[in-house]
Amino acid sequence: VVSTQSTGSSGINAEYGKQWYQRRVRGTLDEVPKSIADLPEWNFDGSSTNQSTGENSDVYIRPVSIFKDPFRRGENILVMCECYAPDDTPHPTNLRHECNELMEECKAEVPWFGIEQEYTLFDSSGKHPLGWPENGFPGPQGPYYCGVGADKIKGRTIVEAHYRACMYAGVKIAGSNGEVMPSQWEYQVGPCEGITMGDHLWVSRYILSRVAEEFDSVVSFDPKPIPGDWNGAGCHTNISTAVMREAGGMAHIITAIEAMSTKHKEHIEAYDPTKGADNARRLTGRHETARLHEQF
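It should be emphasised that the depicted structure is a prediction, and the values quoted were computed from it without experimental measurement. (Residues numbered from 1 in each chain as written. Predicted model: local features only at pLDDT ≥ 70, side-chain atom pairs only at ≥ 80, totals over all residues. Heavy atoms only, no water.)

A. Helix H2 (residues 156-169), seen in detail. When the terminal C-alpha atoms of H2 are compared, their 20 Å separation across 14 residues agrees well with the 20 Å that a helix rising 1.5 Å per residue should span. What H2 keeps buried is the set Ile 158, Val 159, His 162, Ala 165, Cys 166 and Ala 169. One face of H2 carries all of its buried residues, which in axial projection span an arc of 130°. Seen from the buried face of H2, the exposed residues on the opposite side, beyond 90 degrees, are Thr 157, Arg 164 and Met 167. Elements in contact with the buried residues of H2: strand S5 (58-68), strand S7 (112-122), strand S8 (173-178), strand S9 (184-193) and helix H3 (196-214). Backbone geometry just after H2 places Gly 170 at a positive phi near 95°. (Helix = DSSP H or I, 4+ residues; strand = E, 2+ residues; numbered from the N terminus. Expected span 1.5 Å × (residues − 1). Buried < 20%, exposed > 50% of the residue type's maximum accessible area, 1.4 Å probe, protein only. Arc of directions from axis to C-beta. Contact = heavy atoms within 4.5 Å.)

B. Fine view of the pattern of salt bridges. In the structure shown here, the tally under the stated rule is eleven salt bridges. Notably, a salt bridge pairs Asp 229 with Arg 286, separated by 3.5 Å at the nearest N-O pair. Linking Asp 229 in the loop between strand S10 (218-220) and strand S11 (235-240) with Arg 286 in the segment after helix H6 (277-280), this pair joins segments that are 57 residues apart in sequence. One connected set of salt bridges, linked through shared partners, spans Glu 41, Arg 62 and Asp 88. (Salt bridge = Lys/Arg side-chain N within 4 Å of Asp/Glu carboxyl O.)

C. Representation of the packing of H2 against H3 in the model. Packing of H2 against H3 brings their axes to within 9 Å, and their N-to-C directions diverge by 135°. Taken together, the axis directions place H2 and H3 in an arrangement best described as oblique. By crossing handedness, the relation of H2 to H3 is classed as right-handed. Each of Ile 158, Ala 161, His 162, Ala 165, Cys 166 and Ala 169 in H2 lies in contact with H3, whose residues at this interface are Ser 204, Ile 207, Leu 208, Val 211 and Ala 212. For the contact of H2 with H3, the class distribution of residues is nine nonpolar, two polar and no charged. (Axes fitted to C-alpha atoms, helices over the stretch in contact; angles between N-to-C directions. Parallel < 35°, antiparallel > 145°, perpendicular 65-115°, else oblique. Left-handed = near helix turned anticlockwise from the far one by under 90°. Nonpolar A, V, L, I, M, F, W, Y, C, P; charged D, E, K, R; others polar.)

D. Broad picture of a nonpolar patch on the surface. Residues Met 250, Ile 254, Ile 257 and Met 260 make up a contiguous nonpolar surface patch of roughly 390 Å² in combined accessible area. Note on placement: Met 260 falls in helix H4 (residues 249-261). Owing to a relative accessible area of 44%, Met 260 belongs among the partly exposed residues under this scheme. (Patch = residues over 30% accessible without salt bridge, like charges linked within 9 Å, V, L, I, M, F, W, Y side chains within 5 Å. Areas by Shrake-Rupley, 256 points an atom, 1.4 Å probe, with all protein chains shown as cover.)

E. Here's a closer look at the environment of Asp 199. Position of Asp 199 among the secondary structure elements: in helix H3. C-alpha of Asp 199 to C-alpha of His 162: the two residues are 37 residues apart in sequence and 16 Å apart in space. Residues within four places of Asp 199 in sequence aside, it is in contact with Val 64, Ser 65, Phe 67, Met 80 and Arg 96.

F. Geometry of the environment of Ser 47. Following the sequence through the fold, Ser 47 ends up in the loop between strand S4 (42-45) and S5. Relative accessible area serves as the criterion here: at 46%, Ser 47 is assigned to the partly exposed category.

G. Just empty space enclosed by the protein, in detail. Taken as a whole and assessed by the stated rule, the structure comprises two cavities of 30 Å³ or more. Approximately 40 Å³ is the volume attributed to the second largest cavity. Taken together, Tyr 144, Lys 152, Ile 153, Lys 154, Gly 178, Glu 179, Met 181, Pro 182, Ser 183, Gln 184 and Trp 185 form the lining of the second largest cavity. The class makeup of the residues in the lining of the second largest cavity is five nonpolar, three polar and three charged. (1 Å grid on protein atoms, 1.4 Å probe; cavity = no way out; pocket = protein on both sides within 12 Å on 5 of 7 lines; lining within 4 Å. Points joined across faces, edges and corners; volume = space filled by probe spheres on them.)

H. Looking closely at the side chain of Ser 240. Positionally, Ser 240 belongs in strand S11. Looking at Ser 240, the relative accessible area reads 17%, which means it is buried. Beyond its immediate sequence surroundings of up to four residues, Ser 240 is in contact with Val 110, Pro 111, Trp 112 and Arg 245.

I. Layout of the side chain of Glu 186. With respect to the helices, strands and loops of the structure, Glu 186 is situated in strand S9. Of the buried charged residues, Glu 186 lacks a salt bridge, with Arg 282 as the closest side chain of opposite charge at 8.3 Å. The residues contacting Glu 186, other than those within four sequence positions of it, are Glu 116, Gln 117, Glu 118, Tyr 119, Gly 175, Ser 176, Asn 177 and Glu 179. (Lys, Arg positive; Asp, Glu negative; His and termini not counted.)

J. Looking closely at the packing of aromatic side chains. For the coordinates displayed, the defined rule picks out four aromatic pairs. With 6.0 Å between their ring centres and 55° between their planes, Tyr 119 and Tyr 187 make a pair best called tilted. Of this pair, Tyr 119 sits in strand S7 while Tyr 187 sits in strand S9; the two residues are 68 residues apart in sequence, bridging distant segments of the chain. For Tyr 119, a relative accessible area of 1% gives the class buried. Above the plane of the ring of Tyr 168 lies Lys 68, whose end atom (NZ or CZ) is 4.3 Å from the centre. The aromatic ring of Phe 71 is capped on one face by Arg 210, whose charged end is 4.2 Å from the ring centroid. (Phe/Tyr/Trp six-rings, centres within 6.5 Å; stacked < 30°, edge-to-face > 60°. Lys NZ or Arg CZ within 6 Å of the ring centre and 35° of its normal.)

Set out below in structure tokens:
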């Protein structure tokens, strides 16, 4: 959930939003907030976003982290929020709340995360990949990965603007590259410790969609946006704990992998909002992927 706070001559404008779809509303504050504690809780009409939990359709949004606003700049800020139901319980779409509790439980392990977020750029219709021929397809995959040149790369202006905006915002973006399918890109976020990984990832996604909007382009995070002999788009998660980063850490890595292998099905179901059905289209054993339920 992302929101924006921006300072104006007579006050501070505020925008709030939610996930999975990124939405926002806007209000005004009287002064520049110095910390999360200075930011008010706000709300929106959940019946308009299919988030209503009962007769009371209000969904409350509670600020949790702050970033600089790369669009309005100055003293303006972006704010990550969590959603809560009218009874003050975490909204069913609020996955951050439970994640944060788990991160607090394992805080002594000092978990670091690095995320590789792949995505595909489409034109303003959201249906036609950016720069692809109007009729037919581009040439086979091969020359596009980390490519250079207008015949290989589509959308670099968006990618560069996104990178700069993330750096300005304070998002811990670490790199970017063109991907295997034309109009497909990847950027990396991290390393970030604990819950900050989710905040930096979601804010980076929000910034990407906002930047692409300026270029009449639509960003897709769909795992397999184009069927057929084309690579899908993943979000690869790299994690380590303090002992894994020390001498002899490989033994701890193997132990963790063995433990996760017993929960493979549950993890697959948690990786996308359709309980794994979206990733089933991508994880086929082809196009640089493993099979959905293949274990090593």
